[in-house]
Amino acid sequence: MADSYDVVIIGGGPGGYNCAIRCGQLGLKVACIESRATLGGTCLNVGCIPSKALLHASELYEEAKERFESYGIGFDALSLDLDRMMAQKADAVDGLTKGVAFLFKKNKVEWISGRGKVAGKGKVEVTGADGTRTLEAGQIVIAAGSEVAPLPGVEIDETRIVSSTGALALEEVPDRMVVIGAGVIGLELGSVWRRLGAEVTVVEYLDRIMPGADADVVKTAQKLFAKQGMQFRLGTKVEGVDASGKTLKVSVSPAKGGDSETIETDVVLVCIGRRPATQDLGLETIGVEADKRGVIPADDHLKVADGVWAIGDCVAGPMLAHKAEEEGVAVAERIAGKAGHVDYGVIPSVVYTAPEIAWVGATEDALKEAGRDYKTGNFPMMANSRARTNHTTDGMVKILADAKTDEVLGVHIVATGAGELIAEAALAMAFRASSEDIARTCHAHPTLSEAVRQAAMGVEGWTMQA
Ligand code: FAD
Ligand code: NAD
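What counts and what doesn't
Residues numbered from 1 in each chain as written. Chains lettered and ligands numbered in written order. Predicted model: local features only at pLDDT ≥ 70, side-chain atom pairs only at ≥ 80, totals over all residues. Heavy atoms only, no water. Helix = DSSP H or I, 4+ residues; strand = E, 2+ residues; numbered from the N terminus. Expected span 1.5 Å × (residues − 1). Buried < 20%, exposed > 50% of the residue type's maximum accessible area, 1.4 Å probe, protein only. Contact = heavy atoms within 4.5 Å. Pairing = 2+ DSSP bridges. Near = heavy atom within 4 Å. Polar contact = N/O pair within 3.5 Å; in protein donor to acceptor, adjacent residues only side chain to side chain. Areas by Shrake-Rupley, 256 points an atom, 1.4 Å probe, with all protein chains shown as cover. Nonpolar A, V, L, I, M, F, W, Y, C, P; charged D, E, K, R; others polar. Domains from an automatic or database assignment. Axes fitted to C-alpha atoms, helices over the stretch in contact; angles between N-to-C directions. Parallel < 35°, antiparallel > 145°, perpendicular 65-115°, else oblique. Left-handed = near helix turned anticlockwise from the far one by under 90°.

Spanning 15 residues, helix H8 (residues 321-335) covers 21 Å between terminal C-alpha atoms, matching the ideal 21 Å at 1.5 Å per step. Residues of H8 that are buried include every one of Lys323, Ala324, Glu327, Gly328, Ala330, Val331, Ala332, Glu333, Arg334 and Ile335, and no others. Summarising the contacts, the buried residues of H8 are in contact with strand S1 (3-10), helix H1 (14-25), strand S6 (131-142) and strand S18 (308-310). Positive phi shows up at Gly337, right after H8, with a value of about 85 degrees.

Okay, structure coming up:
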């Protein structure tokens with residue numbers, strides 16, 4: 001007889017593992033199938049966690065090199081041990097992936113190692129080291145995640161022409177790196193290798209960096225990244241990479257047409273987006289077809305078909321770990337008969353550069369496009385006392401609020417600590433706060449969070465520190 005579960009989840013990333021743990025907490029008999037050797041998905045193994053470990057370490061290295069002296073801190077010699085830096089990254093990954101395995105045990109989630117695919121209504125086939133077997137599932141949750149989007153004409157070998165996965169594991173600091181795509185990965189991993197000594201050139205097809213972020217934030221951030229030494233080639237198309245010689249030759253041309261030229265480099269990082277990993281999931285057995293980008297069609301409750309749900313990077317919406325996590329919990333709760341809910345309007349985005357960039361809600365361009373009447377409050381980090389004491393005065397906070405009701409519609413921050421500061425804005429927006437609610441909430445002094453309050457005060461024109 002087939003093994004039988006209330007819920008079978010395909011994929012053990014942030015979507016799948018949070019769904020599984022919540023199902024366990026709600027008393028459901030649950031199994032989670034994962035084909036990797038460890039749980040945690042892209043995020044814990046080759047995404048959020050290893051990238052942040054390298055961002056943190058490389059930021060400390062640059063801080064020591066460039067700024068310690070100005071704080072009155074001296075040392076004899078600064079050196080870089082890349083192997084040790086990679087080892088601390090591996091430690092963070094190892095601890096957290098094991099942590100998920102521990103939470104599975106604690107919440108009675110069965111981890112099944114292998115590749116899962118839907119085999120018709122209520123059936124999931126798993127192929128692992130011991131062969132193939134079929135599980136019976138009251139409900140199936142697909143949480144298969146995403147993979148690197150390929151660039152035609154550029155073959156990734158993960159040694160010299162790398163995706164984010166290879167860029168997290170380079171064995172030495174390259175002299176030069178060309179990053180294709182000025183999105184989140186390009187800016188984060190480009191920053192890591194620039195800080196460690198590479199000359200980084202970012203080639204972007206559009207005439208701006210970070211599509212999706214507020215235009216003021218982008219302008220401020222791009223100036224800061226350029227000052228740090230990152231070179232940008234915007235409005236530029238990559239035609240191909242010649243890997244036949246000792247160095248790589250990247251041919252580029254203006255996106256709007258024009259003559260080609262060659263950029264010589266040692267490593268190319270391809271990061272032009274990710275696509276849902278939805279091939280070979282057996283979707284046809286339940287009459288479902290992914291769209292041409294690979295996105296699984298799901299309704300507003302993330303239901304794909306009777307007894308089948310899909311969450312995270314393989315469905316529509318931002319490809320973010322916390323969005324996948326929210327969806328995982330909501331689906332588990334819906335399966336258990338509760339009112340699971342995701343508030344898509346308040347999902348924050350953070351780019352972990354220095355300074356960080358973070359936002360939640362609408363951009364100013366989106367409000368203009370929608371014809372919304374809005375007010376703006378701005379505050380420069382230069383006028384924040386804690387930023388002054390910490391010598392982290394680059395950046396700003398911008399708050400957009402409805403002109404009539406004063407409800408906060410969007411918050412955009414470029415600042416050291418922006419990734420932490422944005423949580424206050426997301427919470428305020430989740431409770432539909434007005435800018436005055438933030439402005440009249442006492443914030444501790446001296447903290448960076450006062451800049452958020454001052455920007456909120458700026459919406460009504462009573463900013464005090466500028
Ligand atoms: P995934 O994490 O991709 O997990 C899916 C899992 O399913 C994988 O482990 C896969 O092996 C498994 N799987 C797939 N198919 C099958 C099958 N048929 N059978 C069994 N197992 C299967 N997001 C953030 O919010 N913050 C960040 O700082 C951040 N940094 C990132 C940095 C990098 C370099 C990258 C690449 C991504 C980053 N992301 C970040 C994005 C984040 O990793 C994803 O949004 C998140 O992991 C999506 O979670 P998921 O559960 O949907 O999918
Ligand atoms: P992205 O969508 O953030 O950026 C891709 C960039 O590549 C865009 O600017 C796009 O215009 C550009 N581009 C597309 N085709 C191009 C071409 N042919 N030539 C030059 N440029 C081109 O994608 P990403 O940086 O690869 O990251 C993938 C996803 O992973 C992100 O969308 C995000 O959801 C997730 N991620 C999140 C974080 C975070 O939250 N901090 C970090 C890393 C990754």
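With that settled, consider the sheet that holds strand S8 (residues 161-162). Overall, parallel pairing links the five strands, which are arranged S8-S15-S9-S10-S11 in an open sheet. Both edges of this open sheet fall to S8 and strand S11 (231-233), since each of them pairs with a single strand only. Pairing of strand S9 (residues 176-180) with strand S15 (residues 267-270) involves four bridges; the strand directions are parallel. Residue Ile180 lies in a different strand from S15, and its bridge partner there is Val270.

This paragraph deals with the site of ligand 2. Every one of the 22 residues lining ligand 2 counts as a neighbour, but Glu188, Glu204, Gly273, Met319 and Val350 are closest to it. Within the backbone of Ile185, a nitrogen or oxygen atom sits 2.9 Å from an oxygen atom of ligand 2. Met319 is positioned such that a nitrogen or oxygen atom in its backbone is 2.6 Å from an oxygen atom of ligand 2. Relative to its unbound accessible area of 840 Å², ligand 2 is 78% covered by the protein chains. The element best represented in the shell around ligand 2 is helix H6 (residues 184-195), accounting for three residues. Looking at the shell around ligand 2 residue by residue, the class counts come to 15 nonpolar, three polar and four charged. Counting contributing residues per domain, the shell around ligand 2 is built from domain 1 (3-148 + 275-342) and domain 2 (161-272), each supplying no fewer than three.

Relative to strand S14 (residues 261-265), strand S13 (residues 248-254) runs antiparallel, the two sharing five bridges. Paired with Leu248 across the two strands is Thr265, which belongs to S14. Counting the residues that bridge the hairpin from S13 to S14 gives six residues, and of these Gly257 lies at a positive phi of roughly 105 degrees.

Let's shift gears to the packing of H1 against helix H4 (residues 82-106). Closest axis-to-axis distance for the H1/H4 pair is 9 Å, and the angle between their directions is 25 degrees. By the angle between their directions, the pair H1 and H4 is classed as roughly parallel. In terms of crossing hand, the pair formed by H1 and H4 is left-handed. Seen from H1, the contacting residues are Tyr17, Ala20 and Ile21; seen from H4, they are Val100, Leu103 and Phe104. Its residues assigned to classes, the contact of H1 with H4 comprises six nonpolar, no polar and no charged.

Taken together, 37 residues lie around ligand 1, and Glu34, Thr42, Lys52, Gly116 and Ala321 are the ones closest in. Interatomic distance of 2.7 Å between a side-chain N/O atom of Lys52 and an oxygen atom of ligand 1. Against a free-state accessible area of 1,000 Å², the protein chains account for coverage of 94% of ligand 1. Those elements giving two or more residues to the shell around ligand 1 turn out to be H1, strand S2 (30-34), helix H2 (41-46), helix H3 (48-66), strand S4 (115-118) and H8. At four residues, H2 tops the list of elements feeding residues into the shell around ligand 1. The class makeup of the residues in the shell around ligand 1 is 15 nonpolar, 16 polar and six charged.

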